[in-house]
Amino acid sequence: MTDDGGVSGLARFSAARAGWVVLAWVALAAVLNILVPQLEEVAARDSSPVVPEHAPSIVAVAEMDEAFGNGGSQSFVVIAMERDGGLVPADRKYAGRLAEVLTKDEENVSFVQDVRKDPELLDPLTSEDGEARYLLVGITGQTGAPSSIRQVTAVRDVVDDLAPAGLTTEVTGPTATITDLATETEHSVLRITVVSIGLIALLLWLIYRSFAVTALVLTVVGLGLGLARAVTAWCGLAGVFTVSTFSGSFLTAVVLGAGTDYAIFLVSRYQELRRAGVEPREAAATAGTRVTSVIVGSALTVVLACGCMLLAELGFFTTTGPAIAVSVAINLAVAITLTPALLALAGSRGWCEPRAERTGAFWPRLAGAVATRPGRMLLVALVPLVALAALAPLLDVSYDTRDSQPDDTESNRGYALLDRHYPVNEILPDYVLIQADHDLRNARDLALLERAASAAAQEEGVVLVRSITRPLGEPITKATVARQAGIVGVRLDRASDRVGEGEEGAQQLADGAGQLVDGADQLSDGTGRLAEGAQSAVGGADRLVSGTAELEQGVRRLLAGADDAVAGTGQLATGMRQLARGLSTGADQVQLAVDGLGLAYDALRTKSLTCNLDPACRQAREGIRQIWVAERDRLLPGLRDAARAADQLADGTVGLQDGLRRLRDGLRLAREGADRLADGQQLFADQLGGLADGADQLADGADQLADGADQLEGGTEEVAASLPELRQGLSRAATYLRRTGAVAKDPGIGGFYLPPTALEDERFAAAIGLFLSDDGRTARFAVLGGTDAFDHEASARTVEIRETIEQSFHDTRLDDAEVSVTGMAATNADLAHYSQSDMRVVALAALIAVFLVLLVLLRSLVAAAVLMATVVLSYASAIGLSVLVWQLSLGHDIDWTVAAVSFTILVAVGADYNLLLTKRMHEEAPDGSAEGIARATAATGSVITSAGIIFAASMFALMAGSVTTMTQVGFTIGAGLLLDTFVVRSLLVPAIATLLGPRLWWPGGRSETA
């Protein structure tokens, strides 16, 4: 390897102009950190979600909001409230006040469940024990996006400010969970940084036992970290790539580890040269030129491997990988310029001088053992690595973001609150969206929706399904045609029979009314004659004074008229009695008809859901009701009153008959005692005048009775004529319903019938808004599972539910309908899909990138392939160790981020150490000799081990945070680095190199040594 030209010349330039180089870097760091906002501030402005916007579950969220919401909601949070002993009126006012205040915050809130406008919402939102309630609040940011973190914080501020005393409130839900995770991560960055710097400082002191070296390395690393954060923030601000809260935490750990490694490489070679007697400034320049290519190669592997994360689709990778890549590139520039400059300045003042070299025979003895027994050392290295790697397939990946954070975060407290009072998944159902190209509000499509809901409900793990056909989670049994049509048909038949029985009575009623007319006509004629006779009697009484003969004749005529009147009134009484009986009989028959109509109307009104929803049946029912009400409230009472009046009239005519008999007797006496007539003449005349007036009144009443009887006759005839028509209509309705019941047994319909008119029923008003869009083209199911919405079973079930519903639509009108699922479980299913896909893409790209870097620097296909195989084995062993510790020992699944992030870092950094060792092997043993390989192993043993321990320490520092994701990533990478340092680099690679000998450098040739 040459010492001059290219980037190697930067080290010599920096050592020659050390003061200016240091000032330039310090000034650049100061300016950038002053002008560019902090990384966390830039991350908060981003709106990139964790799961990509084109993920099926995220697309379904947008489409569902468009169909059922206001089109502005990207995610939602849940405001959970609890009061021990039960909610009080002030809590209800609080819910209304929340809706009022949050609705005004249009920047952060898209909708609120407003209990002021919909007070009926309070019951379903309140727990059965009356101690808890929750409200849904839609926000405009997508779950996981930094913008949503700001919006959740704004909602929480309002909730806390307005809460009444004694009421516990928590803002929870998936979006709030991600917010708490990001917040915990951000709060952990400072702690991680402090722990990392402390560990690095301690290890540097133990390794070099020099405050000057420790201070120099920490200065380089600290300045590099400040520059890396500023440049990364600028990239996020300028839109070069997006950044997130996670960017800062992982960036810090990697930069501290990698920057320290690069500084150690230079310091170690500098001290080696100083021990050889090279003066300080020249030693700094020479160390830089000889190590620069190794540092560049090491940095390139990390930069390219992390840069490959841009190929991923998940926001976690696309915001973390590029940030690390840029930060390592910045630290590369700092390492190859600032470190030689500081070494030159410190060396000229007698600082950073090497201490007396320890004789330490550990590395030479180990290297000698590997050189003499490479096969045995290979086996010693492979056994633990392969044993641990064998555990890697047992990896169980967790997508539960609740477990990644402490139990006392607000979202986790909210979940615990809801679990105390509500069924599982009350706020985390799976939503199935069914989008058709036509209006679904028709009988056939509604039946198909019910069939799909029924199929989904039968899936294992599904507790219930709510839909337009089962708004409360249970099928509408009364909407099955086979059941209802038969029942209604039978009842209509019965009503038809009862009406048929009433036809004869109605006809008798009409006949009785006709008799009433005849009797009333006779009464009118008789009373007319009575009135005429009475008038004649008056005239005769006036002429009594003029002559006895005329009186005798008049008395005889009056006596004859009185006989006729007596006979007429007797007939009238008999007719009235008959009329009364006829009216009573008619009323009884009408009562039968009224009862029959009442039964029919009641069956159609209360027992038949389908008649309520079918316009034809509903119109028929209304006609029955009008007839029934008319007969019940008018005709029947009128007949009863007429019967009573006829009885009373009959009683009155009997009294009249008795009077007329007495009149006749009196006239007989008058004829026998004419001599006594003069004395009572005046009195008789007066009585006759009164009789004339009464007869006139009786005649008028009889005329009115006759007119009323005519009207009654017409009405009863009309009723009698209409009853057969009604009976025929009821029979036709019964026949129709029976026929519908038979058709409903068709498997294509599934025995379910819910007419479109059902949607107008008030009982379905709420269901319409929840489960059918305004245009009727989109239907929604809410599926509640019996297992935790965050676990694997729930995620797998969403796929099965979608496939089941699609299968239920096969070869039907909805065969082309688009079925999608969203919700927490569906989002986790998408997260699993994309994380696995991203892992494959990123891993393949990283392997290719690192392999190409190794191939270019080593110029050996065999050496590059061997190193790649060893770092992959090292990675698999690290994953196996994590499985052993976290899963098998502690009982925690591995977070989904661990595998990809660990792979990228371990492959890149592991390749760094192997590259440094292999380059030294190429210097010491270009012919592949075992002795040269042993010398290279011994020479690099302490420096690579020191670098590996320090880098591992910086990664272990991630475990100081409160987020399990970072804890597991830190443990896995740290453990992998230690395995790579002590097993792979110390035993495995030297043993393989010794066994291969000169074949290790095939097909490359010899190169110049440093």
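Thresholds applied
Residues numbered from 1 in each chain as written. Predicted model: local features only at pLDDT ≥ 70, side-chain atom pairs only at ≥ 80, totals over all residues. Heavy atoms only, no water. Helix = DSSP H or I, 4+ residues; strand = E, 2+ residues; numbered from the N terminus. Buried < 20%, exposed > 50% of the residue type's maximum accessible area, 1.4 Å probe, protein only. Areas by Shrake-Rupley, 256 points an atom, 1.4 Å probe, with all protein chains shown as cover. Patch = residues over 30% accessible without salt bridge, like charges linked within 9 Å, V, L, I, M, F, W, Y side chains within 5 Å. Salt bridge = Lys/Arg side-chain N within 4 Å of Asp/Glu carboxyl O. Pairing = 2+ DSSP bridges. Axes fitted to C-alpha atoms, helices over the stretch in contact; angles between N-to-C directions. Contact = heavy atoms within 4.5 Å. Core = buried A, V, L, I, M, F, W, Y, C linked by side-chain atoms within 4.5 Å. Lys, Arg positive; Asp, Glu negative; His and termini not counted. Charge placed at Lys NZ, Arg CZ, Asp CG, Glu CD. Phe/Tyr/Trp six-rings, centres within 6.5 Å; stacked < 30°, edge-to-face > 60°. Lys NZ or Arg CZ within 6 Å of the ring centre and 35° of its normal. Expected span 1.5 Å × (residues − 1). pLDDT = per-residue confidence, 0-100. Bend = angle between axes of the 7 residues up to and from the residue. Parallel < 35°, antiparallel > 145°, perpendicular 65-115°, else oblique. Nonpolar A, V, L, I, M, F, W, Y, C, P; charged D, E, K, R; others polar.

Caption draft 1: Molecular detail of the overall build of the protein. Counting its secondary structure elements, the protein contains 28 helices and 10 strands. Counting all 1010 residues of the protein, 55% fall into the buried class. Surface accessibility of the protein: about 42200 Å² in total, with carbon and sulfur atoms responsible for 56%.

Caption draft 2: Expanded view of a nonpolar patch on the surface. Residues Leu202, Trp205, Leu206 and Phe211 make up a contiguous nonpolar surface patch of roughly 450 Å² in combined accessible area. Per-element tally for the nonpolar patch: the top contributor is helix α8 (residues 174-208), with 3 residues. Relative to the helices and strands, Phe211 resides in helix α9 (residues 211-238). On the basis of relative accessible area, Phe211 is assigned to the exposed category, the value being 65%.

Caption draft 3: A look at unusual backbone geometry. With an omega of 0 degrees, the peptide bond running from Trp1002 to Pro1003 counts as cis. Among the structural elements, Pro1003 can be located in the segment after α28 (964-996). With a phi angle near 50 degrees, Arg209 is a residue other than glycine that sits in the positive phi range. Mapped onto the elements, Arg209 comes out in the loop between α8 and α9. The partly exposed category is assigned to Arg209, whose relative accessible area is 28%.

Caption draft 4: Broad picture of the sheet that holds strand β7 (residues 462-466). Across the sheet, 4 strands lie side by side as β7-β8-β6-β9; this open sheet has antiparallel pairing. Across the chains shown, the open sheet's two edge strands, defined by having one partner strand only, are β7 and β9 (818-822). Each adjacent strand pair in this sheet contributes to an overall mean axis angle of 20 degrees, direction not counted. Two strands pair when backbone bridges link them, and β7 and strand β8 (residues 778-785) are joined in this way by 4 bridges, in the antiparallel orientation. Note on β8: the bridge partner recorded for Arg466 is Ala782. Strand contacts of helix α23 (residues 792-808): β6 (430-435), β7, β8 and β9, with the helix running at about 160 degrees to β9, the strand carrying the most contacts.

Caption draft 5: Here's a closer look at the nonpolar core. Counting residues in each nonpolar core, the largest one holds 165 residues, and the members touching the most others are Leu216, Phe250, Phe317, Leu854, Val901 and Leu977. Broken down by element, this core gets its largest block of residues, 17 residues, from helix α26 (residues 896-924). Ignoring sequence-local partners within four residues, the contact set of Leu216 consists of Val267, Thr339, Leu342, Leu343, Ala346 and Cys352. Counting residues in hydrophobic clusters, the runner-up holds 38 residues, among them Val77, Tyr94, Ala176 and Tyr422.

Caption draft 6: Structural view of the environment of Leu770. Its place among the elements puts Leu770 in helix α22 (residues 765-771). Classification of Leu770 as partly exposed rests on a relative accessible area of 45%. The sequence separation of Leu770 and Phe781 amounts to 11 residues, and the corresponding C-alpha distance is 9.0 Å. Once you skip the residues sitting within four places of it in the chain, Leu770 turns out to touch Phe68 and Arg780.

Caption draft 7: The arrangement of a negative patch on the surface in detail. On the surface, Asp396, Asp403, Asp407, Asp408 and Asp893 cluster together to form a negatively charged patch. By secondary structure assignment, the location of Asp403 is in the loop between β5 (397-398) and α15 (410-421). Take Asp403: its relative accessible area is 53%, and that puts it in the exposed class.

Caption draft 8: View of the pairing of β9. Burial runs high along β9: 4 of the 5 residues are buried. Where β6 and β9 come together, 5 bridges link them in antiparallel fashion. When the sheet's bridge partners are listed, Leu433 is paired in β9 with Ser820.

Caption draft 9: Structural detail: the sheet that holds strand β1 (residues 75-82). A sheet is described by the order of its strands in space; here 4 strands give the open sequence β2-β3-β1-β4, paired in antiparallel fashion. Since the sheet does not close on itself, it has two edges, and those belong to β2 (109-112) and β4 (168-172), each with one partner. Averaged over all pairs of adjacent strands, the angle between strand axes in this sheet comes to 25 degrees, irrespective of strand direction. Note: β1 against strand β3 (residues 132-139), 8 bridges, orientation antiparallel. Paired with Met81 across the bridge in β3 is Arg133.

Caption draft 10: The packing of aromatic side chains, seen in detail. Tallied over the full model, the rule gives 13 aromatic pairs. Relative to Trp896, the ring of Phe317 lies with its centre 5.8 Å away and its plane at 80 degrees, an arrangement referred to as edge-to-face. A residue pair is termed long-range when its members are at least 10 positions apart, and Phe317 in helix α12 (residues 315-348) and Trp896 in helix α26 qualify at 579 residues. A residue is classified by how much of its surface remains accessible, and Phe317, at 2% relative accessible area, is buried. Trp896 gets classed as buried once you look at its relative accessible area, which sits at 10%. Every member of this aromatic cluster is reached through a ring pair, and the members are Phe246, Phe250, Phe316, Phe317, Tyr399 and Trp896. Sitting over the face of the ring of Tyr415, Arg402 holds its NZ or CZ atom 5.5 Å from the ring centroid. Here Arg780 stacks its cationic end above the ring of Phe68, 4.1 Å away from the centre of that ring.

Caption draft 11: Main features of the environment of Val189. Considering the arrangement of structural elements, one finds Val189 in helix α8. Residue Val189 is classed as buried on the basis of its relative accessible area of 9%. In this structure the C-alpha to C-alpha distance between Val189 and Phe246, which are 57 residues apart in sequence, comes to 9.2 Å. With sequence-adjacent residues up to four places away left out, Val189 is seen in contact with Gly248, Ser249 and Thr252.

Caption draft 12: Quick peek at helix α24 (residues 824-858). Counted at 1.5 Å a residue, the expected span for α24 with its 35 residues is 51 Å, and the 49 Å between its end C-alpha atoms agrees. Once α24 finishes, Arg859 follows within two positions and takes phi at roughly 55 degrees, a positive value.

Caption draft 13: Molecular detail of the confidence of the model for the protein. For the protein, per-residue confidence averages 79 on the pLDDT scale, and 69% of positions sit at 70 or higher. Within the model, pLDDT remains below 50 along residues 673-685, and this stretch shows 9 contacts once partners closer than five positions in the same chain are excluded.

Caption draft 14: How the structure looks around helix α14 (residues 374-389). For α14, built from 16 residues, the straight-helix expectation of 22 Å at 1.5 Å per residue is met to within 8% by its first-to-last C-alpha distance of 22 Å. Helix geometry: α14 is bent most strongly at Leu382, by close to 25 degrees, with proline Pro384 lying one to four residues after it. Within α14, the full set of buried residues consists of Pro374, Met377, Leu378, Ala381, Leu385, Leu388 and Ala389.

Caption draft 15: Highlighting the pattern of salt bridges. In this structure the tally under the stated criterion is 20 salt bridges. Asp180 is the salt-bridge partner of Arg156, the closest N and O atoms lying 2.7 Å from each other. Here Arg156 is found in helix α7 (residues 146-162), whereas its partner Asp180 is found in helix α8, with 24 residues between them in sequence. Taken as a pair, Arg156 and Asp180 share a single burial class, namely buried. Between Glu410 and Arg156 there is a salt bridge whose closest N-O contact spans 3.2 Å. Of the two residues, Glu410 sits in helix α15 while Arg156 sits in helix α7, which places them 254 residues apart along the sequence. Residue Glu410 shares its accessibility class with Arg156, and that shared class is buried. Here the salt bridges share partners, and the residues they tie into one network are Arg269, Glu272, Arg920, Glu923, Glu924 and Arg935.

Caption draft 16: Structural detail: the packing of α24 against α26. Where α24 contacts α26, the axes come no closer than 9 Å and their chain directions differ by 10 degrees. Judged on the interaxial angle alone, α26 and α24 are roughly parallel. Of α26, the residues touching α24 (which contributes Leu831, Ser835, Met839, Val842, Ala843, Ala846, Leu847, Val850, Leu854, Leu857 and Leu858) are Trp896, Ala899, Ala900, Phe903, Thr904, Val907, Ala911, Leu915, Thr918 and Lys919. Along the lines of polarity and charge, the residues of the contact of α24 with α26 split into 17 nonpolar, 3 polar and 1 charged.

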